[in-house]
Amino acid sequence: FMRQIQDRYFLIVLVLAFLAIGLMRLQFPDLDHGDEYSDANVLNAGENFVRFGFIACRFLPMFEVHLDKPQDLYTHYPPLPDILNGVQRRLFRTDSLVVFRGVSLIFSLLALFFWFYAVKILTGSPVFGFLASFFFLFNPLFLFGIDSLHQFAYAECLRALIFYLFARYVTSPERRGLRFGLLWLAIFVESLFTFEYIIYFALFFFLYRLAFRESGRALPLKAMFLLAL
């Protein structure tokens, strides 16, 4: 019971610290911070998805404006951030930057929660979980993309979720099949946001196995192979 109360206080502090930054950032939603070039591409792609439809665009972004038909589809980078902007436009019936930034901030907040619980599970210490999340929140690179319309906020949230699912998988024998399936699915969805983390996940799983192979908490080789797919 005391541990649950302690976790709650840690999370309250994280939320308050995040809100102090996030609400201030929402006051300046324009494309003058972060990866503004990629964010502008996302806005153009989302507008084209609404205009022409997802199927007509083959679920691939178009960054040109004032087009008469789907053309010049972009195939060189995972398209899910662009697709999500089109979905938000359809769902909320808006093109408001404040709304789009707000959605990204929600994912960034979820990333802090997943970091907290992932580190807490792996170390057995809610204090370490809080410190890891707190330092993560104030990392300049995290603040750089905290409200990004492109992949950053979404990919960071998924990365933290993957580590959380990994921690649950290696520390508990219950429902291991389901947890492994969710872990595999999360990595797959991450690859639809960005390719940047794939090599780092592989390196982490390998090094974790080397460090904990005697403890019974390492990923089996078969599991590592399936995740690599």
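To be clear, the structure that these remarks concern was listed above.
Predicted, not measured: the structure shown is a model, and the values here were computed from it. (Residues numbered from 1 in each chain as written. Predicted model: local features only at pLDDT ≥ 70, side-chain atom pairs only at ≥ 80, totals over all residues. Heavy atoms only, no water.)

A. Fine view of the overall build of the chain. If you tally the helices and strands in the chain, you get 10 helices and zero strands. When the helices and strands of the chain are placed in sequence order, the string is α-α-α-α-α-α-α-α-α-α. By the compact-globule yardstick of 17 Å for 229 residues, the chain fits well, its C-alpha radius of gyration being 19 Å. Principal axes of the C-alpha set define a box for the chain whose edges measure 60 × 40 × 25 Å. For the chain, the residues scored as buried account for 45% of the 229 residues in total. Across the chain, every contact between residues at least 6 apart in sequence was considered, and the portion connecting residues at least 24 apart equals 65%. (Helix = DSSP H or I, 4+ residues; strand = E, 2+ residues; numbered from the N terminus. Rg over C-alpha atoms; globule rule 2.2 N^0.38 Å. Buried < 20%, exposed > 50% of the residue type's maximum accessible area, 1.4 Å probe, protein only. Contact = heavy atoms within 4.5 Å.)

B. A look at the layout of surface pockets. Approximately 260 Å³ is the volume attributed to the largest pocket. Lining the largest pocket are W184, I187, F188, S191, I198, F201, A202, F205, M224, L227, A228 and L229. Mapped onto the lining of the largest pocket, the elements with two or more residues apiece are α8 (176-191), α9 (198-212) and α10 (221-228). Taken together, the residues of the lining of the largest pocket sort by class into 11 nonpolar, one polar and no charged. Forming the walls of the second largest pocket are F136, N139, L141, F142, F152, E156, R159 and Y197. When contributions to the lining of the second largest pocket are tallied by element, the ones reaching two or more residues are α6 (140-144) and α7 (151-171). With three residues, the single largest contributor to the lining of the second largest pocket is α7. Looking at the lining of the second largest pocket residue by residue, the class counts come to five nonpolar, one polar and two charged. (1 Å grid on protein atoms, 1.4 Å probe; cavity = no way out; pocket = protein on both sides within 12 Å on 5 of 7 lines; lining within 4 Å. Points joined across faces, edges and corners; volume = space filled by probe spheres on them. Nonpolar A, V, L, I, M, F, W, Y, C, P; charged D, E, K, R; others polar.)

C. Region of interest: α10. Within α10, the full set of buried residues consists of A223, M224 and L227. Projected down its long axis, α10 shows its buried positions confined to an angular sector of 100°, all on one face. Facing away from the buried side of α10, by more than 90 degrees, are the exposed residues L221, K222, F225 and A228. (Arc of directions from axis to C-beta.)

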